[in-house]
Amino acid sequence: MLYLASGGFWYVVGQAVASLSALALAVAFANLVSPEIYGTYKYVLSLAGIFAIASLPGMNTAVARTVARGNESVIHASTRSRILHALAGSAAALAGSAYYLLKGNTELSLALLVIAVTLPLFDTLTSYLFYFVGKRRFDMRTKYYATTQVTSVLILIGTLFFTDNLTIILLAYFVPLTLMRAVQYAHVTHAIPRTPTKEDTDTVRYGKHLTAMQVLGTVANEIDKVLIWKFLGPAQVAVYTFAIAIPEQLRGPLKGVGELAFPKFAAQTPREIRANLPALWRKLAFYGFGLFGISLVYIAAAPYIFALIFPQYGTSVLYSQLFALAIITNIASIPLAVLSAQQKTSLQYALSNVQPVIAIGLFVLLIPLYGIMGAIVASLVSKFVTAVLYLGSLYFVR
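1. Side note on the overall build of the protein chain
Turning to step 1, where the next piece is worked out: When helices and strands are counted, the protein chain shows 16 helices and zero strands.
Turning to step 2, where the next piece is worked out: In terms of C-alpha radius of gyration, the protein chain reaches 21 Å, essentially the compact-globule figure of 21 Å for 398 residues.
Turning to step 3, where the next piece is worked out: Overall size of the protein chain, expressed as C-alpha extent along the three principal axes, is 55 × 45 × 35 Å.
Turning to step 4, where the next piece is worked out: The buried share among the 398 residues of the protein chain stands at 55%.
Turning to step 5, where the next piece is worked out: In the protein chain, of all internal contacts separated by at least 6 residues, the share reaching a separation of at least 24 is 85%.
Turning to step 6, where the next piece is worked out: In the structure as shown, the protein chain presents an accessible area of about 17200 Å², 70% of it carried by carbon and sulfur atoms.
Turning to step 7, where the next piece is worked out: Of the side-chain charges in the protein chain, 28 are positive and 14 negative, and the distance between the mean point of each set is 9 Å.

Next comes the structure, spelled out in structure tokens:
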């Protein structure tokens, strides 16, 4: 509990910065640009998220695990591997840019060109944040993260005051973040030895496995906005984005519980984890009731929140209230941390594909028929099914 309190303080600070920054940015977008521009912006970011699969995002968890076990030099090998693989994502973005240029859509062509240029470094250099997780230096992780987050948001909001040009907005988002992450990565890693070890190879391999597990999940997280953009138009993407924005921000600090637990589970044996299961179930029950209470509070407050800060998006309120139930599914972050820390690759493969398969199937079926409501229902059903399966997986840690 002392560990949770000390580490949790810094996670709360970091997530508070993230949530407040996201709120400020959302208010700026709601008041300074049209729903069509904002919807297209979110559509482009969804495409960027899909292309970023090539940058091996699962490597972050693998790095945290290896650093927690005492090997710091792994950060160099993992980052090098990520950058090389990210070039495939850049190639895909360039192909998309060429496609839209041939179609005469210069705006989207330039947008994908921005993604292609920044992708090799944009996400790959964030490994230093997970290095701090492995070292249990949650204070340093929060300070570095907060610096880039606040600076990026201020630059982006400042840009919105002067232009609603999509290309300039995207440049204001991707370029400063890429540069700041590069500087911070260099500062953190310059003193870390570059001596290769066998564990480097194992970590890179495990990071690739974790990324493969996340492919369908990443597609599921982004395809809802892509389908809404295609079938309903960019303005409805904006309505949907504002509907899920605050519940997703509320879920953000709660994800830190699993990240805080990760180094502890990584240092334990499966036997120790099984022996502690009764106590863990009691804590999960308490955590679940707390999540349910948070969702109820938000459901009651949502109409007033939208009337105060997002009056232009009153149609998002009902969707947002329903989506708030997804907060409860954050309970799955604990068993997920257990499986990742114990490197239960086969079980992770099986479970990590359940939610996205259900979600993608329901998105494809329900969005053309029921629009935004279909997307909300699809997301809730898939998240709850997956949470139940992850909780059950605790009995299979051997």
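From this point, things continue past the structure.
2. A look at the packing of aromatic side chains
Turning to step 1, where the next piece is worked out: Scanning all chains against the criterion turns up 15 aromatic pairs.
Turning to step 2, where the next piece is worked out: Arranged with centres 6.2 Å apart and planes meeting at 25 degrees, the rings of Tyr38 and Tyr41 form a pair that is stacked. Residue Tyr38 and its partner Tyr41 are both found in helix H2 (residues 35-51); the two are separated by three residues, about one turn of the helix.
Turning to step 3, where the next piece is worked out: Classification of Tyr41 by relative accessible area gives buried; the value is 4%.
Turning to step 4, where the next piece is worked out: By the ring-pair criterion, three or more aromatic residues cluster together here, those being Phe29, Tyr38, Tyr41, Phe242, Phe306, Phe310 and Tyr313.
Turning to step 5, where the next piece is worked out: The ring of Phe130 has Arg141 sitting right over it, with the charged end atom 5.4 Å from the ring centre.

3. Re a nonpolar patch on the surface
Turning to step 1, where the next piece is worked out: Taken together, the side chains of Leu94, Leu110, Leu113 and Val117 present a nonpolar region at the surface, about 340 Å² in accessible area.
Turning to step 2, where the next piece is worked out: Residue position: Leu110 is located in helix H5 (residues 106-122).

4. Concerning the packing of helix H6 (residues 127-134) against helix H7 (residues 138-162)
Turning to step 1, where the next piece is worked out: Contact geometry for H6 and H7: axes closest at 7 Å, N-to-C directions at 160 degrees. One way to sum up the angle between H6 and H7 is to call them roughly antiparallel. For the crossing formed where H6 meets H7, the hand is left-handed. For the pair H6 and H7, the contacting residues are Tyr128, Leu129, Phe130, Phe132 and Val133 in the first and Phe138, Met140, Arg141, Tyr144, Tyr145 and Thr148 in the second.

5. With respect to unusual backbone geometry
Turning to step 1, where the next piece is worked out: Residues other than glycine seldom take positive phi values, yet Leu56 does so here, at roughly 55 degrees.
Turning to step 2, where the next piece is worked out: Following the sequence through the fold, Leu56 ends up in the loop between H2 and helix H3 (59-68).

6. Here we look at the side chain of Thr66
Turning to step 1, where the next piece is worked out: With respect to the helices, strands and loops of the structure, Thr66 is situated in helix H3.
Turning to step 2, where the next piece is worked out: Looking at Thr66, the relative accessible area reads 2%, which means it is buried.
Turning to step 3, where the next piece is worked out: Those residues in contact with Thr66, other than ones at most four positions away along the chain, are Asn71, Val74, Glu199 and Thr203.

7. Observations regarding the environment of Tyr319
Turning to step 1, where the next piece is worked out: Topologically, Tyr319 is positioned in helix H13 (residues 317-323).
Turning to step 2, where the next piece is worked out: Not counting the four nearest positions on each side in its chain, Tyr319 is found in contact with Val239, Ala243, Ile372, Met373 and Ile376.

8. Points about H5
Turning to step 1, where the next piece is worked out: Spanning 17 residues, H5 covers 23 Å between terminal C-alpha atoms, matching the ideal 24 Å at 1.5 Å per step.
Turning to step 2, where the next piece is worked out: Its maximal kink placed at Ala116, H5 deviates by approximately 30 degrees, while the proline Pro120 follows within four residues.
Turning to step 3, where the next piece is worked out: Listed in full, the buried residues belonging to H5 are Leu108, Ser109, Ala111, Leu112, Val114, Ile115, Ala116, Thr118, Leu119, Pro120 and Phe122.
Turning to step 4, where the next piece is worked out: Check the buried side of H5 and you find it contacts H2, helix H4 (74-102), helix H8 (166-189) and helix H9 (198-231).

9. Regarding the side chain of Arg181
Turning to step 1, where the next piece is worked out: Structurally, Arg181 is set in helix H8.
Turning to step 2, where the next piece is worked out: When near neighbours in sequence (up to four residues on either side) are disregarded, Arg181 contacts Phe122, Asp123, Leu125, Thr126 and Tyr128.

10. A word on helix H12 (residues 277-309)
Residue pairs spaced three or four apart in an α-helix point in one direction, given the helix's 3.6 residues per turn.
Turning to step 1, where the next piece is worked out: Helix geometry: H12 is bent most strongly at Ala301, by close to 50 degrees, with proline Pro303 lying one to four residues after it.
Turning to step 2, where the next piece is worked out: Within H12, burial applies to Leu277, Leu280, Leu284, Tyr287, Gly288, Leu291, Ser295, Tyr298, Ala302 and Phe306.

11. So, the nonpolar core
Turning to step 1, where the next piece is worked out: In this structure, Phe29, Tyr41 and Leu170 are the most contacted members of the largest nonpolar core, which totals 72 residues.
Turning to step 2, where the next piece is worked out: Ranked by residue count, the leading element in this core is helix H16 (residues 354-392), at ten residues.
Turning to step 3, where the next piece is worked out: When sequence neighbours within four positions are dropped, the list of residues in contact with Leu170 reads Tyr41, Val44, Leu45, Ala111 and Val114.
Turning to step 4, where the next piece is worked out: Listed in part, the 20 residues of the second largest apolar core include Leu56, Val67, Ile75 and Leu125.

12. Observations concerning the pattern of salt bridges
Turning to step 1, where the next piece is worked out: Per the counting criterion, the structure on display carries six salt bridges.
Turning to step 2, where the next piece is worked out: The residue Lys135 makes a salt bridge to Glu72 at a minimum N-O spacing of 2.5 Å. One end of the pair, Lys135, is in the loop between H6 and H7; the other, Glu72, is in the loop between H3 and H4, with 63 residues separating them in the sequence.
Turning to step 3, where the next piece is worked out: The class of Lys135 is partly exposed, set by a relative accessible area of 36%.
Turning to step 4, where the next piece is worked out: For Glu72, a relative accessible area of 24% gives the class partly exposed.
Turning to step 5, where the next piece is worked out: The partner of Glu222 in a salt bridge is Lys225, with the nearest N and O atoms 4.0 Å apart. Of this pair, Glu222 and Lys225 both sit in helix H9, three residues apart, which is roughly one turn of that helix. There is no split in this pair, since Glu222 and Lys225 are both buried.
Turning to step 6, where the next piece is worked out: Each of Glu222, Asp224 and Lys225 takes part in salt bridges that share partners, so that together they form one network.

Quick notes on the rules
- Residues numbered from 1 in each chain as written.
- Predicted model: local features only at pLDDT ≥ 70, side-chain atom pairs only at ≥ 80, totals over all residues.
- Heavy atoms only, no water.
- Helix = DSSP H or I, 4+ residues; strand = E, 2+ residues; numbered from the N terminus.
- Rg over C-alpha atoms; globule rule 2.2 N^0.38 Å.
- Buried < 20%, exposed > 50% of the residue type's maximum accessible area, 1.4 Å probe, protein only.
- Contact = heavy atoms within 4.5 Å.
- Areas by Shrake-Rupley, 256 points an atom, 1.4 Å probe, with all protein chains shown as cover.
- Lys, Arg positive; Asp, Glu negative; His and termini not counted.
- Charge placed at Lys NZ, Arg CZ, Asp CG, Glu CD.
- Phe/Tyr/Trp six-rings, centres within 6.5 Å; stacked < 30°, edge-to-face > 60°.
- Lys NZ or Arg CZ within 6 Å of the ring centre and 35° of its normal.
- Patch = residues over 30% accessible without salt bridge, like charges linked within 9 Å, V, L, I, M, F, W, Y side chains within 5 Å.
- Salt bridge = Lys/Arg side-chain N within 4 Å of Asp/Glu carboxyl O.
- Axes fitted to C-alpha atoms, helices over the stretch in contact; angles between N-to-C directions.
- Parallel < 35°, antiparallel > 145°, perpendicular 65-115°, else oblique.
- Left-handed = near helix turned anticlockwise from the far one by under 90°.
- Expected span 1.5 Å × (residues − 1).
- Bend = angle between axes of the 7 residues up to and from the residue.
- Core = buried A, V, L, I, M, F, W, Y, C linked by side-chain atoms within 4.5 Å.

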